[in-house]
Amino acid sequence: MALSQFTHDGSGKTLAIELAAVIRERGIEAKVVGMDGCSVNTGVNNGAMRLLELDLGVPLQRVVCGLHLNELLWWHILSDTDGVTKGPKALSGPVGSTLQEDLWTLPTVLFSPVSGKVTELPEATSKDLSRDQNLAYQYCHAVQSGQMPEDLASQVIGPLVTSRWLTCDVRTLSKYTRTKKPTKRLKRLVFVALNLYFPGWFRFRSNPHIQDGSKNFFYLIELSRSLEAQDRDIAQNVLQYNAFWAHPKNVTISILADENEEVRRKAVNWIMKAREEFDESSHPRQFVLPEVNFDAVDYFHMINWEAVDCTEPPLTVGMSMDDVMEAYKSPIILPDYPNHTQGVERAVRVVEQVAPKRVGYTGRHRLILKLLKSREMVSSFNTKKDDAVF
């Protein structure tokens, strides 16, 4: 649902003010705020999330887009391997500079399979993939198996856009299947794509609930361990600087949904302790990233609980202690908030399409709502057999 749209000057302060105005105007009881991980949004003192909390006077559960984090991992390793971007639609390195070609028009070669961690997706997830995403999924399995189906090889790949790396990675895999003697640089990128980027991407898409966020983050930690030392260090450095899902407020809500009763007790005890130590004068507290333990064997041990502030997750603040203690008996599933902001990004694209067509807020907003409504009404076909017969 599109509630509003506005422009701002790129500062966290202005963004927070505009968001707070919409929340008050609509009478929304804000509990969760979702954005990508740039410093304008997530800065400890002047980020939009922090300033929005201070403006509203309430702590908010933070959803820092997991898919955006996954993009950052690829971008940093790509930059180290092949050079920096050359613009919004171009790369500068020996591999990247060739990825703009119409690779699907080139013949495939006999290529060696590359071990990867892209597994079979649940049917519900695979049906919900866009064309580009489904193409990525098929390419992953083709390269992992060493077999390229003819109908896949001829599929047109989406344009190279450096603001979103999915099609870049598909093009990287496609380049590999069409190169008789791939360079070490190309092999390195293919290995990272199949063992970090794509497994991480599909993990967040398959497990999109807010209570999966910390588990998904830990999965990225596990994936980073399988990389070559240089890439592992780059990945873990990025994860540390973007450890929003390792924050105890987020880990605690994941623990509440854990299948293990002993694990869930940790969350109940943490919330109980946080309520006992609550000091209204210090709330909402700053959101300080914890030190991540990259040797942890499970997600609830990836931080040192003794070294972080004991604060309650905003999503459980309104629950009675009796309700929280139900976690002793069974997992507590919170409302279905996502752990990524892909839906918001789709709405941004709609706003960009509408902006030049209407003058003024009211006209733009009406057209946005009409466009979103029309898209909901349009039927989609999953396979050829689902097509109507005329």
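Each remark here, short or long, concerns the structure printed above.
Since the model is a prediction, treat every value here as computed from it, not as a measurement. (Residues numbered from 1 in each chain as written. Predicted model: local features only at pLDDT ≥ 70, side-chain atom pairs only at ≥ 80, totals over all residues. Heavy atoms only, no water.)

**Q** Sorry, what's going on with the packing of helix 8 (residues 166-177) against helix 9 (residues 184-206) here?
**A** The description of two helices packed together rests on the angle between their axes and the distance between the axes. In contact at an axis separation of 10 Å, helix 8 and helix 9 are set at 140° when each is read in the N-to-C sense. In terms of their interaxial angle, helix 8 and helix 9 are classed as oblique. In this structure, the crossing between helix 8 and helix 9 has a hand that is left-handed. Residues Leu166, Asp169, Val170, Thr172, Leu173, Lys175 and Tyr176 of helix 8 form the contact with helix 9, whose participating residues are Leu186, Leu189, Val190, Ala193, Leu194, Tyr197, Phe198 and Trp201. Broken down by class, the residue content of the contact of helix 8 with helix 9 amounts to 12 nonpolar, one polar and two charged. (Axes fitted to C-alpha atoms, helices over the stretch in contact; angles between N-to-C directions. Helix = DSSP H or I, 4+ residues; strand = E, 2+ residues; numbered from the N terminus. Parallel < 35°, antiparallel > 145°, perpendicular 65-115°, else oblique. Left-handed = near helix turned anticlockwise from the far one by under 90°. Contact = heavy atoms within 4.5 Å. Nonpolar A, V, L, I, M, F, W, Y, C, P; charged D, E, K, R; others polar.)

**Q** Teacher, can you tell me more about helix 6 (residues 131-145) here?
**A** Side chains three or four residues apart in an α-helix point the same way, a direct result of the helix having 3.6 residues per turn. For helix 6, spanning 15 residues, the distance from its first C-alpha to its last is 21 Å, which sits close to the expected 21 Å at 1.5 Å a residue. Just beyond helix 6, the residue with positive phi is Gly146, at close to 80°. (Expected span 1.5 Å × (residues − 1).)

**Q** Honestly, the pairing of strand 2 (residues 61-64) in this entry has me stumped. Any pointers?
**A** Look at any regular strand and the pattern is simple: side chains alternate between the two faces of the sheet. With burial as the criterion, each face of strand 2 is covered, one bearing Gln61 and Val63 and the other bearing Arg62 and Val64. As defined by bridge partners, strand 1 (residues 32-35) adjoins strand 2 across four bridges and the pair is classed as parallel. When the bridges of strand 2 are listed, Met35 appears paired with Val64. (Buried < 20%, exposed > 50% of the residue type's maximum accessible area, 1.4 Å probe, protein only. Pairing = 2+ DSSP bridges.)

**Q** Help me out: how do you make sense of the pattern of salt bridges in this one?
**A** Pairs may arise between side chains of opposite charge once their charged atoms sit close together. Throughout the structure, instances matching the rule amount to 14 salt bridges. Among the ionic pairs, Arg188 bridges to Asp80, the shortest N-O distance being 2.8 Å. Linking Arg188 in helix 9 with Asp80 in helix 4 (residues 66-82), this pair joins segments that are 108 residues apart in sequence. Take Asp80: its relative accessible area is 38%, and that puts it in the partly exposed class. Residue Glu261 pairs with Arg265 through a salt bridge whose shortest N-O separation is 3.2 Å. (Salt bridge = Lys/Arg side-chain N within 4 Å of Asp/Glu carboxyl O.)

**Q** When you look at empty space enclosed by the protein in this model, what are you seeing that I'm missing?
**A** Any empty space left between the atoms is revealed when a probe the size of a water molecule rolls over them. In the structure shown here, the tally under the stated rule is one cavity of 30 Å³ or more. Reported here for the largest cavity is a volume of approximately 30 Å³. Looking at the largest cavity, the residues that line it are Gly37, Val64, His68, Leu69, Asn242, Phe244 and Trp245. A per-class count over the lining of the largest cavity returns four nonpolar, three polar and no charged. (1 Å grid on protein atoms, 1.4 Å probe; cavity = no way out; pocket = protein on both sides within 12 Å on 5 of 7 lines; lining within 4 Å. Points joined across faces, edges and corners; volume = space filled by probe spheres on them.)

**Q** When you look at the packing of helix 9 against helix 10 (residues 213-224) in this model, what are you seeing that I'm missing?
**A** At their nearest, the axes of helix 9 and helix 10 sit 10 Å apart, and the two run at 165° to each other. By the angle between their directions, the pair helix 9 and helix 10 is classed as roughly antiparallel. Once helix 9 is placed against helix 10, the crossing between them reads as right-handed. Residues Asn195, Leu196, Pro199, Gly200, Arg203 and Phe204 of helix 9 form the contact with helix 10, whose participating residues are Lys215, Asn216, Phe217, Tyr219, Leu220, Leu223 and Ser224. When grouped by side-chain class, the residues that make up the contact of helix 9 with helix 10 number seven nonpolar, four polar and two charged.

**Q** How should I be thinking about the environment of Gly96 in this particular structure?
**A** Position of Gly96 relative to the elements: it lies in the loop between strand 4 (90-91) and helix 5 (123-127). On a C-alpha basis, the gap between Gly96 and Arg171 in space is 9.3 Å, while along the polypeptide they are 75 residues apart. When residues no more than four places from it in sequence are discounted, the contact partners of Gly96 are Asp82 and Leu91.

**Q** What exactly am I supposed to notice about the side chain of Lys175 here?
**A** Considering the arrangement of structural elements, one finds Lys175 in helix 8. In this structure Lys175 is buried but unpaired, with Glu101 as the nearest side chain of opposite charge at 4.2 Å. Sequence-distant contacts of Lys175, that is, excluding residues within four places in its chain, are made with Thr98, Leu99, Glu101, Leu103 and Leu186. (Lys, Arg positive; Asp, Glu negative; His and termini not counted.)

**Q** Is there a simple way to explain the packing of aromatic side chains in this structure?
**A** As enumerated under the stated definition, the model contains nine aromatic pairs in all. Taken together through their ring pairs, the aromatic side chains of Trp74, Tyr137, Tyr197, Phe198, Trp201 and Phe202 make up a single cluster. Stacked on the ring of Tyr219, the Lys or Arg Arg203 has its end atom at 4.6 Å from the ring centre. Directly above the ring of Tyr328 sits Arg265, whose terminal nitrogen or CZ lies 4.4 Å from the centroid. (Phe/Tyr/Trp six-rings, centres within 6.5 Å; stacked < 30°, edge-to-face > 60°. Lys NZ or Arg CZ within 6 Å of the ring centre and 35° of its normal.)

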